[in-house]
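# Analysis of the macromolecular model
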Amino acid sequence: MQRYILRRLLQMVPIALGISILMFALLTLAPGDPVDLLIASDPRVKPQDVARLKRIYGLDQPIHIRYVKWLGRTLRGDLGFSRTYKEPVTHLMRDRIGNSLWLTVTAFVLALVVAVPVGIYSALHQYSPLDYLATTFTFFGVSIPVFWFGIMMIYLFAVWHPWTALPALSWLVLPPGGISTPGVAGGLPFYLDRLRYMLLPSIVLALLSMATYTRYTRSSMLEVIRQDYVRTARSKGLAERTVINKHALRNALIPLVTIVALSISGLFAGAPITETVFAWPGVGRLLVDSVIGGDYVAAQAVLMFLAVLVLVFNLIADIGYALLDPRIRYD
């Protein structure tokens, strides 16, 4: 296993380099560099100032020289300076990653806690009313656009909230966006306040994963409970709970491991829409704002961060698959 992990880590290096080259080329060749945007916003800039600024930013050099310099700075931990936010991208990323982790981890846990029990119940009670309800929910979750669902949740819980006519439910009004209420004290009040702000974006971000996990758990469980070894366990007189928990569930969850591990990076990658809708100051919103504002230095850092996440969680998925399935040997 250790040799396999080491081999996979070495294989990740050329893949990451290839991604960085492609990403750098696409962003560099996109129309409008920082100096062009400055000229567009201020036509009084003189040609000699344009030449001087391009020399300062290194924009007068060939693209391969610029890539090598960018790669060297990135490997030293220098991600550049954000033209939009007027501060180093490293500082931006450090603050935003923490906020995105709050949202992504909550959405991931929420998706797992709901999807796995529902998928198992749906498989064990196939064609029951709750099975049909779960299947309808999964189609809804896979089909619905995230931005539309987010806007509808804001309208329902932050604008309309008709249930507040009932005194017992008057508290159920959630903030439409942001990350916390200014002036809230630290400790428990801070976490309770953060939880109120996280509730809507977490549900919206978790919806697609929740639906996907439910479908995979249900179909995998249906396949496993029809296997001969499960029938044998039942014929031995084992209790149904023992048959499901000991013989069926572990094998049914093996395919889900790959989906879950790969979807964690997908949650980060899908966060830009959710974070933008709910004005959540995370990495995803930083990417959207950077691309719209032509701040390609910050955009490159976020895209590279997301690419590395995908590679890492691919490796975690393979390791988890080997740990759960004794038939798989990597050595």
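Attention here is on the structure that accompanies the text.

What counts, and at which threshold
- Residues numbered from 1 in each chain as written.
- Predicted model: local features only at pLDDT ≥ 70, side-chain atom pairs only at ≥ 80, totals over all residues.
- Heavy atoms only, no water.
- Axes fitted to C-alpha atoms, helices over the stretch in contact; angles between N-to-C directions.
- Helix = DSSP H or I, 4+ residues; strand = E, 2+ residues; numbered from the N terminus.
- Parallel < 35°, antiparallel > 145°, perpendicular 65-115°, else oblique.
- Left-handed = near helix turned anticlockwise from the far one by under 90°.
- Contact = heavy atoms within 4.5 Å.
- Salt bridge = Lys/Arg side-chain N within 4 Å of Asp/Glu carboxyl O.
- Buried < 20%, exposed > 50% of the residue type's maximum accessible area, 1.4 Å probe, protein only.
- Phe/Tyr/Trp six-rings, centres within 6.5 Å; stacked < 30°, edge-to-face > 60°.
- Lys NZ or Arg CZ within 6 Å of the ring centre and 35° of its normal.
- 1 Å grid on protein atoms, 1.4 Å probe; cavity = no way out; pocket = protein on both sides within 12 Å on 5 of 7 lines; lining within 4 Å.
- Points joined across faces, edges and corners; volume = space filled by probe spheres on them.
- Nonpolar A, V, L, I, M, F, W, Y, C, P; charged D, E, K, R; others polar.
- Core = buried A, V, L, I, M, F, W, Y, C linked by side-chain atoms within 4.5 Å.
- Expected span 1.5 Å × (residues − 1).
- Patch = residues over 30% accessible without salt bridge, like charges linked within 9 Å, V, L, I, M, F, W, Y side chains within 5 Å.
- Areas by Shrake-Rupley, 256 points an atom, 1.4 Å probe, with all protein chains shown as cover.

### Let's talk about the packing of helix H5 (residues 89-124) against helix H12 (residues 296-324)
At a closest axis distance of 10 Å, the pairing of H5 and H12 adopts a crossing angle of 45 degrees. The orientation of H5 relative to H12 falls into the category oblique. As H5 runs across H12, the sense of the crossing is right-handed. Across the interface between the two elements, Val89, Met93 and Ile97 of H5 pack against Val297, Ala298, Ala301, Val302 and Phe305 of H12.

### Examining the pattern of salt bridges
Enumeration over the complete set of coordinates arrives at 6 salt bridges. Glutamate 240 serves as the salt-bridge partner of arginine 234, at 2.7 Å between the closest nitrogen and oxygen. Aspartate 289 serves as the salt-bridge partner of arginine 285, at 3.8 Å between the closest nitrogen and oxygen. Taken together, the positions of arginine 285 and aspartate 289, both in helix H11 (residues 283-292) and 4 residues apart, correspond to about one turn of that helix. Residue classification places arginine 285 among the partly exposed residues on the basis of a relative accessible area of 27%.

### Concerning the packing of aromatic side chains
For the structure shown, the criterion picks out 9 aromatic pairs. For the ring pair tyrosine 127 and tyrosine 132, a centre distance of 6.5 Å and an interplane angle of 35 degrees mean the geometry is tilted. Positioned above the aromatic ring of tryptophan 102, the side-chain terminus of arginine 194 is 4.9 Å from the ring centre.

### Overview of empty space enclosed by the protein
If you walk through the whole model with that rule in mind, you get 1 cavity of 30 Å³ or more. Of the pockets and cavities examined, the largest cavity occupies roughly 30 Å³. Looking at the largest cavity, the residues that line it are Gly141, Ile144, Pro145, Val146, Phe149, Val204, Leu207 and Leu208. For the lining of the largest cavity, the secondary-structure elements that each account for two or more residues are helix H7 (146-160) and helix H8 (188-224). Per-element accounting of the lining of the largest cavity gives the leading share, 3 residues, to H8. Across the lining of the largest cavity, the residue classes break down as 7 nonpolar, 1 polar and no charged.

### Here's the deal with the side chain of histidine 161
Relative to the assigned elements, histidine 161 resides in the loop between H7 and H8. Discounting residues that sit within four places of it in the chain, histidine 161 has contacts with Tyr155, Leu156, Leu172 and Val173.

### Let's talk about the nonpolar core
Tyr213, Met221 and Val302 are the most contacted members of the largest nonpolar core, which totals 58 residues. When residues of this core are traced back to their parent elements, those giving at least two are helix H1 (2-29), helix H4 (63-75), H5, H8, helix H9 (228-235), helix H10 (240-277), H11 and H12. Among the elements that take part in this core, H12 stands out by supplying 12 residues, more than any other. Contacts of tyrosine 213, omitting those with residues within four sequence positions, involve Phe108, Ala111, Leu112, Ala115, Leu256, Ile259, Val260 and Ser263. Formed by 13 residues, the second largest nonpolar core is a distinct cluster that contains Ile144, Phe157, Leu174 and Leu207.

### Focus: the layout of surface pockets
By volume, the largest pocket amounts to about 630 Å³. Surrounding the largest pocket, 25 residues form its lining, Pro34, Tyr57, Leu59, Arg73 and Val297 being those nearest its centre. Ranked by residue count, the leading element in the lining of the largest pocket is H4, at 4 residues. Here the residues of the lining of the largest pocket are counted per class, giving 10 nonpolar, 8 polar and 7 charged.

### Comments concerning helix H6 (residues 129-143)
Over its 15 residues, H6 runs 21 Å from end to end, which matches the ideal 21 Å to within 8%, given 1.5 Å per residue. Buried residues in H6 make contact with H5 and H8.

### Here we look at a nonpolar patch on the surface
Judged by side-chain polarity, Leu101, Val105, Val109, Val113, Val114 and Val118 come together as a nonpolar surface patch covering roughly 430 Å² of accessible area. Within the secondary structure layout, valine 118 lies in helix H5. Residue classification places valine 118 among the partly exposed residues on the basis of a relative accessible area of 30%.

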